[in-house]
Each structure stands twice: as C-alpha cells, then as structure tokens.
Amino acid sequence: MSLRRSARVSAGSSMSQTDTDLPAMSTSTPAPKKRQRKSDAAVPIVATNGTLEADASTSMPPPPQTPNNKRRRVANGSAAKAPPITPTPSAIGIMTSASVLRPTYSTGDVDDATPPPIDNFEEASPTRANALTTTTDLLEVACAHLTSVDPELQSLVSKHHCRVFSAAGLAEEIDPFRSLSSGIMAQQVSGAAAKSIKNKFISLFPAEQCPTGFPPPAVVAETSLTRLREAGLSQRKAEYIQGLAHKFATNELTARFLLDASDEDVFSSLIAVRGLGAWSVEMFMCFALKRMDVFSTGDLGVQRGMASYVGKDVKKLKAKGGGKWKYMTEQDMIETAERFRPYRSLFMWYMWRIEDVDTEAVENN
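These remarks concern the structure in this document. (Residues numbered from 1 in each chain as written. Predicted model: local features only at pLDDT ≥ 70, side-chain atom pairs only at ≥ 80, totals over all residues. Heavy atoms only, no water.)

**Side note on helix H17 (residues 330-338)**
Selection criterion: Buried residues are those whose accessible area, probed at 1.4 Å on protein chains only, stays under 20% of the maximum for their type, while exposed residues exceed 50% and partly exposed ones sit between those limits. Helix and strand labels come from DSSP, where a helix needs a run of H or I of at least four residues and a strand needs a run of E of at least two; each type is numbered from the N terminus. In this description, the arc belongs to the directions extending from the helix axis to the C-beta atoms. Here, two residues are considered to be in contact whenever any of their heavy atoms come within 4.5 Å of each other.
Within H17 the residues assigned to the buried category are Met333, Thr336 and Ala337. Burial along H17 is one-sided: seen end-on, the buried residues are contained in an arc of 90 degrees. In this fold, the buried residues of H17 make contact with helix H15 (300-309) and helix H18 (344-354).

**Quick word on the packing of aromatic side chains**
Worth spelling out the cut-off: Aromatic pairs are defined between Phe, Tyr and Trp rings, using the six-membered ring for Trp, whenever the two ring centres lie within 6.5 Å; interplanar angles under 30 degrees are classed as stacked, those over 60 as edge-to-face, and all others as tilted. The rule is short: NZ of Lys or CZ of Arg within 6 Å of the ring centre and within 35 degrees of the ring normal puts a charge over the ring.
This model, assessed by the stated rule, comprises nine aromatic pairs. With a centroid separation of 5.0 Å and 85 degrees between ring planes, the pair formed by Trp349 and Tyr350 is classed as edge-to-face. This pair shows no difference in class: Trp349 is buried, exactly as Tyr350 is. Sitting over the ring of Trp349, Arg353 keeps its end group 4.5 Å from the ring centre.

**Considerations on unusual backbone geometry**
With omega at 0 degrees, the peptide bond leading from Arg341 into Pro342 counts as cis. Within the secondary structure, Pro342 sits in the loop between H17 and H18. Positive phi outside glycine occurs at Lys290, with the angle close to 60 degrees.

**Describing the pattern of salt bridges**
Side chains bearing opposite charge may pair, as long as their charged atoms lie close to each other. Stated formally: Here, a salt bridge means any side-chain nitrogen of Lys or Arg that lies within 4 Å of a carboxyl oxygen of Asp or Glu.
Tallied over the entire structure, the rule returns ten salt bridges. Here Arg341 and Asp293 are joined by a salt bridge, their closest N and O atoms 2.9 Å apart. With Arg341 in the loop between H17 and H18 and Asp293 in the loop between helix H14 (278-288) and H15, this residue pair connects regions lying 48 residues apart in the sequence. The residue Arg341 makes a salt bridge to Glu338 at a minimum N-O spacing of 2.8 Å. Overall, the relative accessible area of 23% leaves Arg341 in the partly exposed class. On the basis of relative accessible area, Glu338 is assigned to the partly exposed category, the value being 36%. Via salt bridges that share partners, Asp293, Glu338, Arg341 and Arg344 belong to a single interconnected network.

This is a description of form; function is not addressed.
Right, here's the structure in full:
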C-alpha cells in the first residue's frame, strides 16, 4: 500500500515540475533489450523521505495514477439498502396472560369489535399520557406521506378513517397469546364457527385460572390434546395452540420481545411456530402490534385492491382466472408499494378499502 501511495505522490509532484526536473532520457536509439526474468527487472526504490527514486541503472517515467476509492464506490453501489425498522408504537400496551383484566382492555379476538371506553385516556397514568403524545399524530403523518407520494389517494383517505393507527387504536392493550391463539382457531372456518370454538375453549378452564378472561399459556401447555379438542378444535389445531402456549410459557416468546424486536425478528420468530403462516403473522404484526410497514402480498383482498388501484379491470381478471397472482404479480405489488415506505401497513389498509374488503375479522384478531 505504501508503494502505491508513494507512486501517486511522486506522480502528482512531477506534473507540477518543469521538464528539466525529470530524469534525463537518452536521445539515441536504444539497443534491443535482452529478455530478462521477472525477478531481474528494475524495481522502483522508495526513499526514506517518501519520494520515488529510480534505480541507478534504469530510469522510468512516473507510474499511472490509480483512481481513488474505486473499491469503496463499488461496495457502496452494490450494498442493499437496509429496510426501516418500525417498532411497535410506544402507546400500545402489552398485557400478559397473567395480568388482571381491566376496563380498558381490548381482547384483540376475532369476534371482539368493541372499541375501548371513551375515558380510556382520562384515566391514563402520567407515563401512559406521555407515551400517547408521541403517537397522537402518527396517522396524520402517515396519511400525509401517502398523499404526497400519490395525490390521487386524497379522496380515499378523506372518505375512510383508519382507526387501527389512530391514537385510540394505538392505545389498545393486547394479549399476544390470546390474539395468536384466536387466529389459529379462526383458520379456514367462518366467523361464527370461530366465535363458538373460542367460547368453548375458554369454558374448558375454571374462571380463577383465567384472570384476563382467557387461559394463560402455562395452563394451556399442561392441558392434554384430548381435552383441548373438546372445544371443537381439530387434532392439528389443538397441537398448534398447545405448542404456541409452550413457547410463551417457557419464555421462548414473550410480550416484551414482540413489543421491542424489529419487524424482521418478530416475523422470523413467529413464522417458526407451527400453525402460524406468513399471512397470519403479517396480520398479527399489522393489527395487533400496530407495525407501520407491513405489506402482505399473499392477501387476496390486497391483490384485488392494488389491481384496481393501477387501473386493471378486477372483474375481468377474476373471470379469466390465472392462479394465485391472477390480479397482479407479486413483484409488481412489491414495486408499487415500495414508494409508500415506511407506512405500507396503512397503504395496504386503503387497498382493502378500494375493493370494500371486510377486514373486521383480522382487525379484531
């Protein structure tokens, strides 16, 4: 490295000197050079003062300059831009299954669409009140970003108020175990069936074991699969819920981790749990944890909404068929939504609104 640097220094200084400062070059026709081994070739000598000197038997012009930071530019150009980290808003409360049910508690279940009481904010502690001030304008900022990227969204934003990311929505408390368990119960069944299964599931346990209105993970983990199936669960769903309970009971999953971890860490941790697929995890992150930059390409309603958003005839595409991505390819969805980072969760919510997709079940799960 010092050799190259000395060469560049010498080259720079040589350009500013007169021709008389250069080593004298013979004007006569040089004799044919003998082939010599690579090791016998003249090698520049670096003097102690940092300048380049020629060997006594050989004179040589200044070496060519090496472009500065060539490798660094290539590295910076090829490095992938890190996705933004959107931690759960500070206002949202996390209730563990060992907590006592409070009047301001929102279960987050499929069938619970009841908003929190109006006095939820009046009874907040000073710490909670300070947290709310950081999220009261989050929805306004997010909507402003969406409409700045695409002004044509203004009419849609004005028509539909997104309570999920409003101050009231962000202030709701959730029980992650209850929410994820309810999501498993609701898989591939109607809303009415899911509600019936959940009520039967809760009734399996004595009230004193359910201080929040839902059995805690430790209790569920110790319950036999046969007993859990009495609620109307299939063998596989009973295994899923028992396995999920075990992860919470052993602190492999915790409410604090789900609150503080990055989007990527939350997704990778939950997707590893049996019974939780990509869509289930994405809906939990968006509507329970209130993560602002979640985008689900696998949701059929989002696909239809985005197809309509870019001007496609959704009815014709539906009739035509074409498999999973008949409305819009996954790559096109990702590229279209990319402009709306870091508020793609809100953008996704408005894509549902374009096609009037009923999202009450996922919003309250």
